[in-house]
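Read off the chains here:
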Amino acid sequence: DDAMILYSKILEIDPLNWESYDNRAVIYYLVKNDYERAIADINKAININSMSVVSYNTRGLIWTDKGNYDYALADFDKAIEINPYLYEVFNNRGYLFNEMGKYDTAITELNKAIQLNRFKAGAYHNRGISYDRLGEKQKAMNDYNKAIELNPNLTSAYINRGRVWLEINNFNNAFEDFNEAILI
């Protein structure tokens, strides 16, 4: 709440401070789960600075979570048009295509993200989900392993890897992964 108050006060003083709208939108989105206010603030940020890749990327994530996939894709496309070299945008497009059930397209996007930054766990984890849903369990396992190697605190990677262990009847490893997820 302190951050929310701070950004609101900044905006009272400087109503053209697009970064404060953007940051407040992230709080509405991730902390308060208030998508409508988050979208309203992101829209204000974009109206002030139409070249903000961060704003388009954030709004794309919000649209994805709301199930408005066409809007999400349009925002990610705009972000790439502005700057085609950001890992986060390609990772989030991969996440979007996973949500849409377009796993092969997701893999293509996530491969681009990994080419841009091979040291981030998120794209490996998301690509693991794509492979998992396509039934390519070994590729999924390899990506979950890499995600965990890069970020040993990525709970969802342990959970997803545990699910794969269960599907191949390796109950001991599944138990270990689920246990690790609980401990994180």
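Each remark here, short or long, concerns the structure printed above.
Residues numbered from 1 in each chain as written. Predicted model: local features only at pLDDT ≥ 70, side-chain atom pairs only at ≥ 80, totals over all residues. Heavy atoms only, no water.

Caption draft 1: Quick peek at the overall build of the protein. Tallying secondary structure elements over the protein gives 11 helices and zero strands in all. Considering only C-alpha atoms, the protein reaches an extent of 60 × 35 × 25 Å along its principal axes. A total of 184 residues make up the protein; the buried ones form 44% of that total. Long-range contacts, defined here as pairs at least 24 residues apart, represent 42% of the contacts in the protein between residues at least 6 apart. Element-wise, carbon and sulfur atoms account for 50% of the exposed surface of the protein, whose accessible area totals about 9800 Å². Both charge centroids of the protein, one from 20 positive and one from 26 negative side chains, sit 2 Å from each other. (Helix = DSSP H or I, 4+ residues; strand = E, 2+ residues; numbered from the N terminus. Buried < 20%, exposed > 50% of the residue type's maximum accessible area, 1.4 Å probe, protein only. Contact = heavy atoms within 4.5 Å. Areas by Shrake-Rupley, 256 points an atom, 1.4 Å probe, with all protein chains shown as cover. Lys, Arg positive; Asp, Glu negative; His and termini not counted. Charge placed at Lys NZ, Arg CZ, Asp CG, Glu CD.)

Caption draft 2: Focus on the packing of helix H4 (residues 53–66) against helix H6 (residues 87–100). At their nearest, the axes of H4 and H6 sit 10 Å apart, and the two run at 15 degrees to each other. When the axis of H4 is compared with that of H6, the two are roughly parallel. Here H4 runs over H6; the crossing is left-handed. Each of Val-53, Asn-57, Leu-61, Thr-64 and Asp-65 in H4 lies in contact with H6, whose residues at this interface are Glu-88, Val-89, Asn-92, Tyr-95, Leu-96 and Glu-99. (Axes fitted to C-alpha atoms, helices over the stretch in contact; angles between N-to-C directions. Parallel < 35°, antiparallel > 145°, perpendicular 65-115°, else oblique. Left-handed = near helix turned anticlockwise from the far one by under 90°.)

Caption draft 3: Here's a closer look at unusual backbone geometry. With a phi close to 55 degrees, Asn-33 is a non-glycine residue in the positive phi region. By the secondary structure assignment, Asn-33 is in the loop between helix H2 (18–31) and helix H3 (35–48). The exposed category is assigned to Asn-33, whose relative accessible area is 55%.

Caption draft 4: A look at the pattern of salt bridges. Scanning the entire structure with this criterion turns up 17 salt bridges. The shortest N-O distance in the salt bridge between Glu-36 and Lys-66 comes to 2.5 Å. Placement of the pair is Glu-36 in helix H3 and Lys-66 in helix H4, with a sequence separation of 30 residues. Looking at Glu-36, the relative accessible area reads 52%, which means it is exposed. A relative accessible area of 30% means that Lys-66 is categorised as partly exposed. Glu-109 is the salt-bridge partner of Arg-93, the closest N and O atoms lying 2.7 Å from each other. Here Arg-93 is found in helix H6, whereas its partner Glu-109 is found in helix H7 (residues 103–116), with 16 residues between them in sequence. Pair check on accessibility: Arg-93 and Glu-109 agree, each one buried. Among the charged side chains, a salt-bridge network with shared partners connects Asp-77, Arg-93, Glu-109 and Lys-112. (Salt bridge = Lys/Arg side-chain N within 4 Å of Asp/Glu carboxyl O.)

Caption draft 5: Layout of the side chain of Thr-58. In this fold, Thr-58 is placed in helix H4. The contacts of Thr-58, once residues within four sequence positions are left out, are Val-26 and Ile-42.

Caption draft 6: Expanded view of the nonpolar core. Grouped together as the largest cluster of nonpolar side chains are 37 residues, with contacts concentrated most on Ala-38, Ile-62, Phe-76, Val-89, Ala-123 and Ala-147. Setting aside residues up to four positions removed in sequence, Ile-62 forms contacts with Tyr-29, Tyr-35, Ala-38, Ile-39 and Ile-42. Of all hydrophobic cores here, the second largest spans nine residues; its members include Ile-129, Met-141, Tyr-144 and Trp-165. (Core = buried A, V, L, I, M, F, W, Y, C linked by side-chain atoms within 4.5 Å.)

Caption draft 7: Fine view of the packing of aromatic side chains. In the structure shown here, the tally under the stated rule is two aromatic pairs. Ring centres of Tyr-29 and Tyr-35 lie 5.8 Å apart, and the angle between their planes is 50 degrees; on these two criteria the pair is classed as tilted. (Phe/Tyr/Trp six-rings, centres within 6.5 Å; stacked < 30°, edge-to-face > 60°.)

Caption draft 8: Spatial organisation of the environment of Gly-60. Note on placement: Gly-60 falls in helix H4. Gly-60 sits 16 residues away from Phe-76 along the chain, and the two C-alpha atoms are 5.8 Å apart. Among residues more than four places away in sequence, those in contact with Gly-60 are Ala-72, Asp-75 and Phe-76.

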